[in-house]
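For reference, the chains in residue letters:
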Amino acid sequence: MAISRQQKEALVAAYGRLLGETGGFILTGYSGLSVADLHDLRLRLRANNASYVITRNRLFMRALQENDWPVPAEMLQGPVATAFADGDMPGMAKTLLAFQQDHEEVFVIKGGIMDGDVLGPAEVEALSRLPTLDELRASLAGLVMQPAAGIVNTLNAATVDIVNVLQAYVQDNSEEAEEAA
């Protein structure tokens, strides 16, 4: 279906806004997915603060050029939809790969771009094995808490040792008092 020049310019501007708000994106082939499947994928991605947009290849290429992104023309062939990450590329890649396993015959991960580097399907899979942003935050919190827990354990052990020494002293003194009596 043909669209007007104004609509094309509006789409390029919308793609430009998405590119300005993202650190990376993943291109997918979605031919054969039902509307319900696309809705399900969008919901899964939204849980990871990502969006999923069916893009028009030539207009998306123009938006990439205008916003100084690499243009992976070989990946922009056929029906393409783009998943835009809002900071958590590994989480988004995991979601897309899980969805791909459920829809192997109709859903293809073509590649993507992260921090200006073009990624192929293998690199997207490797990216999915990295920890998500939430996993990294939990690890960092654990690292921050670990020294504090060590100090608490050391202080607790010192207190227990002092109590044991005092109790032994009291027992020794009470035994000496009984022997003297």
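This text goes with the structure placed above it.
(A) The arrangement of the overall build of the protein chain in detail. Per the secondary structure count, the protein chain includes 6 helices and 5 strands. If you list the helices and strands of the protein chain from N to C, you get α-β-α-β-α-β-α-β-β-α-α. Partitioning the intrachain contacts of the protein chain with sequence separation of at least 6 by distance along the chain shows that 80% fall at a separation of at least 24. A total of about 11200 Å² of accessible surface is found on the protein chain, and carbon and sulfur atoms cover 56% of it.

(B) Looking closely at the nonpolar core. Ranked by internal contacts, the top residues of the largest apolar core, which has 23 residues, are I26, L45, Y52, M92, L96 and F107. At the level of elements, helix 2 (35-46), strand 2 (50-55), strand 3 (80-85), helix 4 (89-102) and helix 5 (121-128) are the ones that each hand at least two residues to this core. The element contributing the most residues to this core is helix 4, with 6 residues. Not counting residues up to four positions away in its chain, the partners in contact with L96 are I26, T28, L41, L45, A83, F107 and I109.

(C) Up close: the sheet that holds strand 2. In spatial order, the strands read 2-3-1-4-5; together these 5 strands make up an open sheet with antiparallel pairing. Both outer strands of the open sheet, strand 2 and strand 5 (117-119), are each paired with one neighbouring strand and no more. Shown here is a sheet whose adjacent strand axes are inclined to one another by a mean of 20 degrees, direction ignored. Note: strand 1 (residues 24-29) against strand 3, 5 bridges, orientation antiparallel. Bridged to F25 within strand 3 is F84. Along the sheet face, helix 1 (residues 5-20) touches strand 1, strand 2 and strand 3 and points at about 150 degrees away from the line of strand 2.

(D) Spotlight on the packing of helix 2 against helix 4. At a minimum axis distance of 10 Å, the contact between helix 2 and helix 4 shows a crossing angle of 155 degrees. Here helix 2 lies roughly antiparallel to helix 4, going by the angle between them. The two elements helix 2 and helix 4 meet at a crossing, and its hand is right-handed. Contacts from D37, D40, L41, R44 and L45 of helix 2 reach helix 4 at M92, T95, L96, A98, F99 and D102.

(E) Examining unusual backbone geometry more closely. The phi dihedral of D68 falls on the positive side, at around 60 degrees, and the residue is not glycine. Here D68 shows up in the loop between helix 3 (57-66) and strand 3.

(F) Region of the structure containing the pattern of salt bridges. Overall, the coordinates contain 5 salt bridges when judged by the stated rule. When the shortest N-O distance is used, the salt bridge between R44 and D40 registers 3.2 Å. Pair noted here: R44 and D40 are both in helix 2, with a separation of 4 residues, about one helical turn. A relative accessible area of 28% places R44 in the partly exposed class.

(G) Just the pairing of strand 3, in detail. Of all 6 residues that make up strand 3, 6 are buried, and the element is covered over most of its length. Pairing of strand 2 with strand 3, which is carried by 6 bridges, proceeds in the antiparallel orientation. Of the residues in strand 3, the one forming a bridge with A50 is A85.

(H) Structural detail: the packing of aromatic side chains. Per the stated rule, a full pass over the model turns up 6 aromatic pairs. Between the aromatic rings of Y15 and F60, the centroid separation amounts to 5.5 Å while the plane-to-plane angle is 90 degrees, which identifies the pairing as edge-to-face. With Y15 in helix 1 and F60 in helix 3, this residue pair connects regions lying 45 residues apart in the sequence. Taking 5.9 Å as the distance between ring centres and 50 degrees as the angle between the ring planes, the aromatic pair formed by F25 and F84 counts as tilted. Taken together, the residues F25 in strand 1 and F84 in strand 3 connect sequence positions 59 residues apart.

Here is what the cut-offs are and how they apply
Residues numbered from 1 in each chain as written. Predicted model: local features only at pLDDT ≥ 70, side-chain atom pairs only at ≥ 80, totals over all residues. Heavy atoms only, no water. Helix = DSSP H or I, 4+ residues; strand = E, 2+ residues; numbered from the N terminus. Contact = heavy atoms within 4.5 Å. Areas by Shrake-Rupley, 256 points an atom, 1.4 Å probe, with all protein chains shown as cover. Core = buried A, V, L, I, M, F, W, Y, C linked by side-chain atoms within 4.5 Å. Buried < 20%, exposed > 50% of the residue type's maximum accessible area, 1.4 Å probe, protein only. Pairing = 2+ DSSP bridges. Axes fitted to C-alpha atoms, helices over the stretch in contact; angles between N-to-C directions. Parallel < 35°, antiparallel > 145°, perpendicular 65-115°, else oblique. Left-handed = near helix turned anticlockwise from the far one by under 90°. Salt bridge = Lys/Arg side-chain N within 4 Å of Asp/Glu carboxyl O. Phe/Tyr/Trp six-rings, centres within 6.5 Å; stacked < 30°, edge-to-face > 60°.

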